[in-house]
Amino acid sequence: MAFKNIKIPKESIKEYEVDGEIIELWFCTIDEEKNIILFDYGTVYEEPDEIYFALIWKNKIIKSKLHQKVVNKNTTIWELLAINIPKNIEVYRDEIIADLREAMKVYGFDGDATYLFNMDESLLNKTGKTIINF
């Protein structure tokens, strides 16, 4: 099975603690077979193109910061600026980054959150191209 963007049903919403903040997960990019979940959890006002993500990998939270460059309405480029891999799984660094790369390809511009929220197919970016530069 591969990654896909999903809206989580209200009765299945989970909470994760990231940087001392509780995040309710409504939307995510998930590979159900590998049990890997990716979600964004914010940005800062000063750097709106730098987006913070959490990757749930082997039940560990891996925090990362990525830069999003929108080239045009159909092309998004993602660059990895930082990743915080817990020491006890650092030996899997290459596998973790490969999984992050695959998840980001599916996440695309915004994880299809606008489409998933409204369930309006006209909002789904079907022609978009996502470039992963890491």
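Conventions used here
Residues numbered from 1 in each chain as written. Predicted model: local features only at pLDDT ≥ 70, side-chain atom pairs only at ≥ 80, totals over all residues. Heavy atoms only, no water. Helix = DSSP H or I, 4+ residues; strand = E, 2+ residues; numbered from the N terminus. Buried < 20%, exposed > 50% of the residue type's maximum accessible area, 1.4 Å probe, protein only. Contact = heavy atoms within 4.5 Å. Areas by Shrake-Rupley, 256 points an atom, 1.4 Å probe, with all protein chains shown as cover. Pairing = 2+ DSSP bridges. Axes fitted to C-alpha atoms, helices over the stretch in contact; angles between N-to-C directions. Salt bridge = Lys/Arg side-chain N within 4 Å of Asp/Glu carboxyl O. Phe/Tyr/Trp six-rings, centres within 6.5 Å; stacked < 30°, edge-to-face > 60°.

S.K.: What should I look at first to understand the overall build of the protein in this one?
M.R.: Each helix and strand counted, the protein has two helices and nine strands in total. Along the protein, helices and strands appear, N-terminal first, in the series β-β-β-β-β-β-β-β-α-α-β. Put simply, the protein has 134 residues, and 35% of those count as buried. Excluding contacts between residues fewer than 6 apart, the proportion of contacts in the protein whose partners are at least 24 apart in sequence is 45%. Of the roughly 8,200 Å² of accessible surface on the protein, 49% is carried by carbon and sulfur atoms.

S.K.: How do you make sense of the sheet that holds strand E9 (residues 129-132) when you look at a structure like this?
M.R.: Hydrogen bonds between backbone atoms are what pair the strands of a sheet, whose relative direction is either parallel or antiparallel. Strand order across the open sheet formed by seven strands is E1-E4-E5-E6-E7-E8-E9, with mixed pairing between neighbours. The two strands at the open ends of the sheet, each matched to only one other strand, are strand E1 (4-7) and E9. Strand-to-strand twist across the sheet, computed as the mean angle between neighbouring axes with direction ignored, equals 35°. As paired elements, strand E7 (residues 60-72) and strand E8 (residues 75-84) share nine bridges and run antiparallel to each other. Across the sheet, Gln68 pairs through a bridge with Trp78, a residue of E8.

S.K.: Help me out: how do you make sense of the pattern of salt bridges in this one?
M.R.: Once their charged atoms are close, side chains differing in charge can pair, the charge on each being opposite to the other. With the rule as written, the count across this model stands at six salt bridges. Two residues, Glu90 and Arg93, come together in a salt bridge whose shortest N-O distance is 3.1 Å. A residue is classified by how much of its surface remains accessible, and Glu90, at 32% relative accessible area, is partly exposed. With relative accessibility at 31%, the residue Arg93 sits in the partly exposed group. With a shortest N-O distance of 3.0 Å, Lys105 and Glu102 are connected by a salt bridge.

S.K.: Please clarify how unusual backbone geometry should be interpreted in this entry.
M.R.: For residues other than glycine, phi is negative in most cases, and the peptide bonds are mostly trans. Positive phi values are uncommon outside glycine, yet Asn35 reaches one of about 55°. Relative to the helices and strands, Asn35 resides in the loop between strand E4 (27-31) and strand E5 (36-44). The exposure class assigned to Asn35 is partly exposed, which follows from its relative accessible area of 44%. Despite not being glycine, Asn59 shows a phi value in the positive range, around 60°.

S.K.: Sorry if this is basic, but what is going on with the packing of aromatic side chains here?
M.R.: What describes a pair of aromatic rings is the distance from one ring centre to the other and the angle between the planes of the rings. The final tally for this structure, using the stated rule, is six aromatic pairs. Members of the aromatic cluster, joined through ring pairs, are Phe53, Trp78 and Tyr107.

These figures come from the coordinates and say nothing about function on their own.
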